[in-house]
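# Per-entry structural report
Each chain, letter by letter, is given below.
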Amino acid sequence: MNQIEFNEMMRNRTKRLALEIIKLVGRVKKSLENEIICKQIMRSATSVAANFRAACRARSDNERYAKLCIVVEEADETYFWLDLWKESKLIDAQVIHAVLQEALEILKIMAVSRKNLRIKLGK
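Overview of the structure. Here the structure is a predicted model, which is why all the values come from computation and not from measurement. (Residues numbered from 1 in each chain as written. Predicted model: local features only at pLDDT ≥ 70, side-chain atom pairs only at ≥ 80, totals over all residues. Heavy atoms only, no water.)

## Some points on the environment of F52
Tracing the backbone shows F52 in helix α2 (residues 32-56). Assessed through its relative accessible area of 0%, F52 is described here as buried. Separated by 15 residues in the primary sequence, F52 and K67 place their C-alpha atoms 7.0 Å from one another. Residues within four places of F52 in sequence aside, it is in contact with F6, N7, M10, R11, T14, L68, V71 and M110. (Helix = DSSP H or I, 4+ residues; strand = E, 2+ residues; numbered from the N terminus. Buried < 20%, exposed > 50% of the residue type's maximum accessible area, 1.4 Å probe, protein only. Contact = heavy atoms within 4.5 Å.)

This is the structure we're talking about:
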């Protein structure tokens, strides 16, 4: 897979994750706990998608690396909030399982991508 195909695949996956989280948030019971967690998850998940798009449009490898650092941080935060939500039992573990797994996969892929770029840049 070349870089263009990888970028397209990951743009689609990160956007799809954000959309799935938006749908999930819309279906949960209204409570203060859920409201706080939902806002955090939606913010971080949409940031993953937006910052990966920005990384794809970067004007240099250094700019791409900086954006990928943000993507990894936000993907990790998304995974944290999803896992916390599940562990708190505010949401059924089966309902959140697929989204949690996709968030973890995206986090791992983005971390490897950032590491490979860091090596290329000699950082």
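Picking up where we left off.
## Details of helix α4 (residues 93-121)
Across its 29 residues, α4 extends 40 Å between first and last C-alpha, which sits within 8% of the 42 Å expected from 1.5 Å per residue. Bending of α4 peaks at approximately 25° at the position of V99. Among the residues of α4, I96, V99, L100, E102, A103, I106, L107, M110, S113 and L117 are the ones counted as buried. For α4, the elements touching its buried residues are α1 (3-27), α2 and α3 (61-87). Of the residues trailing α4, G122 is marked for its positive phi of about 75°. (Expected span 1.5 Å × (residues − 1). Bend = angle between axes of the 7 residues up to and from the residue.)

## A word on the packing of aromatic side chains
Tallied over the full model, the rule gives 2 aromatic pairs. For the ring pair F6 and F52, a centre distance of 6.4 Å and an interplane angle of 80° mean the geometry is edge-to-face. Placement of the pair is F6 in helix α1 and F52 in helix α2, with a sequence separation of 46 residues. What makes F6 buried here is its relative accessible area of 15%. Centroid distance F80 to W81: 5.2 Å. Interplanar angle 70°. Geometry classified as edge-to-face. (Phe/Tyr/Trp six-rings, centres within 6.5 Å; stacked < 30°, edge-to-face > 60°.)

## With respect to the layout of surface pockets
As a volume, the largest pocket reaches approximately 160 Å³. Along its surface, the largest pocket is lined by Q3, F6, R64, L68, I109, V112, S113, N116 and L117. Among the elements of the structure, α1, α3 and α4 are those that each provide at least two residues to the lining of the largest pocket. No other element matches the 5 residues that α4 contributes to the lining of the largest pocket. (1 Å grid on protein atoms, 1.4 Å probe; cavity = no way out; pocket = protein on both sides within 12 Å on 5 of 7 lines; lining within 4 Å. Points joined across faces, edges and corners; volume = space filled by probe spheres on them.)

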